[in-house]
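Given next are the chains, with one letter for each unit.
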Amino acid sequence: MSERYRITRSFQEPAEAQEITLEECKQYFAAKPDFAYTSVYTVKGPGATMSIDGDFFMWSYGELEIPFRHYMGDLYVAVTNEAVVPKMVEIASELRADLTEG
């Protein structure tokens with residue numbers, strides 16, 4: 001089971017004015033050549049395929065695609081590969097946000 005992390009500004013004052021907007025994410029990730037936006041994330045398993053609607057910024061890391069999901073003013077990512085850790089720290093830093101488990 002992987003751990004899920006949240007990139008957020010909700011700990012900053014005033015928290016209400018600090019959400020990470022979808023438009024901000026689209027601009028930020030558009031400048032990153034290893035990221036692509038999609039409104040549907042599809043997971044393929046051995047016997048089934050599941051599609052999830054939302055705002056996803058897919059990080060291409062070698063053969064892997066790792067989703068960073070924008071949801072209600074925050075970004076969420078699961079640590080499915082240890083390479084995700086420095087990437088999420090970089091993103092949080094560049095977005096002037098904090099990291100928290102959850």
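The coordinates are above.
Right, let's walk through the structure included here. What you see is a predicted model, and the numbers here were worked out from it, not measured in a lab. (Residues numbered from 1 in each chain as written. Predicted model: local features only at pLDDT ≥ 70, side-chain atom pairs only at ≥ 80, totals over all residues. Heavy atoms only, no water.)

What about the pairing of strand S3 (residues 49–61)?
Where strand S2 (residues 35–44) and S3 come together, nine bridges link them in antiparallel fashion. Its bridge partner being in S3, Phe-35 is matched across the sheet by Trp-59. Where S2 folds back onto S3 in an antiparallel hairpin, the turn is made up of four residues. Examined bridge by bridge, S3 and strand S4 (residues 64–71) share seven bridges and lie antiparallel to one another. (Pairing = 2+ DSSP bridges. Helix = DSSP H or I, 4+ residues; strand = E, 2+ residues; numbered from the N terminus.)

Regarding helix H1 (residues 22–30)
Listed as buried for H1 are Cys-25, Tyr-28 and Phe-29. Looking down the long axis of H1, one finds its buried residues gathered within 90° of arc, a one-sided arrangement. Exposed residues lying more than 90 degrees from the buried face of H1 are Gln-27 and Ala-30. Lining the buried residues of H1 we find S2, S3, S4, strand S5 (74–79) and helix H2 (84–94). (Buried < 20%, exposed > 50% of the residue type's maximum accessible area, 1.4 Å probe, protein only. Arc of directions from axis to C-beta. Contact = heavy atoms within 4.5 Å.)

Regarding the environment of Gly-102
Relative to the helices and strands, Gly-102 resides in the segment after strand S6 (98–101). Expressed as a C-alpha distance, the spacing of Gly-102 and Pro-46, which sit 56 residues apart in the sequence, is 27 Å. With sequence-adjacent residues up to four places away left out, Gly-102 is seen in contact with Arg-4, Tyr-5, Arg-6 and Tyr-76.

Overview of the side chain of His-70
Topologically, His-70 is positioned in strand S4. Among the polar contacts made by the side chain of His-70, one reaches the main-chain carbonyl oxygen of Ile-20 at a distance of 2.6 Å. A distance of 3.4 Å separates a polar side-chain atom of His-70 from the backbone nitrogen of Leu-22. Discounting residues that sit within four places of it in the chain, His-70 has contacts with Ile-20, Thr-21, Leu-22, Cys-25, Asp-55, Phe-57 and Leu-75. (Polar contact = N/O pair within 3.5 Å; in protein donor to acceptor, adjacent residues only side chain to side chain.)

Looking at the sheet that holds S2
The strand order across the open sheet formed by six strands is S2-S3-S4-S5-S1-S6, and the pairing between neighbours is antiparallel. Strand pairing shows two members of the sheet lacking a second neighbour, S2 and S6, which therefore form its edges. Shown here is a sheet whose adjacent strand axes are inclined to one another by a mean of 40°, direction ignored. Relative to the sheet, H1 contacts S2, S3, S4 and S5, its axis offset from that of S3 by approximately 40°. Of the strands in this sheet, strand S1 (3–8), S2, S3, S4, S5 and S6 are in contact with H2, which crosses S5 at around 165°. (Axes fitted to C-alpha atoms, helices over the stretch in contact; angles between N-to-C directions.)

Topic: the layout of surface pockets
When its volume is computed, the largest pocket comes out at roughly 350 Å³. In this structure, the largest pocket is lined by 16 residues; those nearest its centre are Tyr-41, Phe-56, Pro-67, Val-77 and Ala-78. Here the element with the most residues in the lining of the largest pocket is S4; it accounts for six residues. Residues of the lining of the largest pocket, tallied by class, amount to 10 nonpolar, three polar and three charged. (1 Å grid on protein atoms, 1.4 Å probe; cavity = no way out; pocket = protein on both sides within 12 Å on 5 of 7 lines; lining within 4 Å. Points joined across faces, edges and corners; volume = space filled by probe spheres on them. Nonpolar A, V, L, I, M, F, W, Y, C, P; charged D, E, K, R; others polar.)

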